Structure formats: structure tokens, C-alpha cells
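Chain by chain, the residues:
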Amino acid sequence: MFTAFSGDFGMIKGYKPSTYHVISQLIDEYNLYGKVLKTNVKVLHKALLNGITPKQLLQGVKLLNE
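Rules used throughout
Residues numbered from 1 in each chain as written. Predicted model: local features only at pLDDT ≥ 70, side-chain atom pairs only at ≥ 80, totals over all residues. Heavy atoms only, no water. Helix = DSSP H or I, 4+ residues; strand = E, 2+ residues; numbered from the N terminus. Buried < 20%, exposed > 50% of the residue type's maximum accessible area, 1.4 Å probe, protein only. Contact = heavy atoms within 4.5 Å. Areas by Shrake-Rupley, 256 points an atom, 1.4 Å probe, with all protein chains shown as cover. Axes fitted to C-alpha atoms, helices over the stretch in contact; angles between N-to-C directions. Parallel < 35°, antiparallel > 145°, perpendicular 65-115°, else oblique. Left-handed = near helix turned anticlockwise from the far one by under 90°. Nonpolar A, V, L, I, M, F, W, Y, C, P; charged D, E, K, R; others polar.

Counting secondary structure elements, the protein chain contains four helices and zero strands. For the protein chain, buried positions account for 27% of its 66 residues. When contacts within the protein chain are restricted to residue pairs at least 6 apart in sequence, long-range pairs at least 24 apart make up 72% of them. Summed over its atoms, the accessible surface of the protein chain is roughly 4,700 Å², and 59% of this surface lies on carbon and sulfur atoms.

The next thing to look at is the packing of helix 2 (residues 19-29) against helix 4 (residues 54-64). Contact geometry of helix 2 with helix 4 gives a least axis separation of 10 Å together with a crossing angle of 70 degrees. With respect to each other, helix 2 and helix 4 are oriented roughly perpendicular. By crossing handedness, the relation of helix 2 to helix 4 is classed as right-handed. Between helix 2 and helix 4, the residues in contact are Y20, I23, S24, L26 and I27 and Q56, L57, G60, V61 and L64, respectively. By residue class, the composition of the contact of helix 2 with helix 4 is seven nonpolar, three polar and no charged.

In C-alpha cells form, the structure reads like this:
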């Protein structure tokens, strides 16, 4: 994925928002309200750039959509 879209795991430095904040922004940006997160490469790529693992992303989306 990083080869296709560039970047590294956790490469976004400087101001580091919380995992909660990043996941809630991704939910807003990709309109994931009330949806089960399927394989969405763009969402996964942005999460990985922020140092969020796929497991954390799935758990966060599930919790915030309850």
C-alpha cells in the first residue's frame, strides 16, 4: 500500500492528534456513520500514516458508530 500511495507507518510527525480524533475525522471524511468498515484502502492508508493499526481502526470505527 505504501508503494502505491507513498509514505511510512506513523510518518506524520509534529502535532499528533489522539487515535480517537484521527478515527473520528476519518469517519467524517469518508461518511462511515452507521456502516461496517469494509476494506477501504484510502481510509486504511490515512490511518497507517497516522500510526493507527488496522485493528485499532476497526475497533475505533465500531465503537464510535454504536
